Amino acid sequence: MDAQAVSGGGGISTPLDGQDLSNQDLRKRSFTKAVLRRANFSGSDLTGVSFFSALAESANFKGANMTLADLESGNFEDADFTDAILAGAFVNNAQFKNVNITNTDWSDVVLRKDQQMFLCKIANGTNPTTGVETRESLICPN
C-alpha cells in the first residue's frame, strides 16, 4: 500500500483495520479519527503523526518511534507499545486499558495523575533504543 493512501483524511473516518503498515516512514501523516483496529505499525517512524480520536484497539506499535505523536482522545485498548518511543507525545483523554508498555519511553509526556498511576502499575523494562527505563520516563513513585 502506498504511504499516501493511508492518510486519515484530516477528520474523515478511514477504515484501516488489520492493515500492515509496519517498518514504514509515516512521519507527518494523519490518522485522525481513523479506524485502526489490529493495524500493524511495528517498527514504523510515526514521529509527529496524528492519531487524534483514532480507534486503535489491539493495534501493534512494537518498536515504533512515536515521538511527538498526537494520541489525544484515541482508543488504544489492548494495543502493544513494547519497545516504542512516545517521548513528548500528546495523550490527553487517550484510553490505554490493557496495553503492553514494556520497555516504552514516555519521556516528557504530560499525563493526568490517574493515567500515570495506571501506567505505573504495569510499567517495566528499559527502552532498547533510548536506554530510558519505562518507570523513570513515567515518573513513577518508588
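The text that follows walks through the structure, step by step, so that each part is easy to find. Note that this is a predicted model, so its numbers are computed, not measured. (Residues numbered from 1 in each chain as written. Predicted model: local features only at pLDDT ≥ 70, side-chain atom pairs only at ≥ 80, totals over all residues. Heavy atoms only, no water.)

Quick notes on helix α1 (residues 113-122)
We count it as follows: Here's how the labels work: a residue is buried when its accessible area is under 20% of the maximum for its type, exposed when over 50%, partly exposed in between, all with a 1.4 Å probe on protein chains only. In DSSP terms, a helix is any run of H or I states spanning at least four residues, a strand is any run of E spanning at least two, and both are numbered starting from the N terminus. To be clear, the arc concerns the directions from the helix axis to the C-beta atoms. Note on contacts: a residue pair qualifies if any of its non-hydrogen atoms lie within 4.5 Å across the two residues.
Every buried residue of α1 is accounted for by Q115, Q116, L119 and C120. For α1, the arc enclosing every buried residue in end-on projection is 130°, short of the 170-degree limit, so these residues lie on one face. The outward face of α1, more than 90 degrees from its buried face, is lined by the exposed residues K113 and K121. Check the buried side of α1 and you find it contacts α2 (134-137).

Quick word on the state of the cysteines
Note the cut-off: In this description, a disulfide is simply a cysteine sulfur pair whose atoms lie within 2.5 Å.
Scanning all chains against the criterion turns up one disulfide. Note on cysteine connectivity: C120 is disulfide-linked to C140, with sulfurs 2.0 Å apart. Taking the sign of the torsion about the S-S bond as the criterion, the disulfide between C120 and C140, at about -95°, is left-handed. Note that C120 is positioned in helix α1 and C140 in the segment after α2, a separation of 20 residues in sequence. Overall, the relative accessible area of 6% leaves C120 in the buried class. A residue is classified by how much of its surface remains accessible, and C140, at 13% relative accessible area, is buried.

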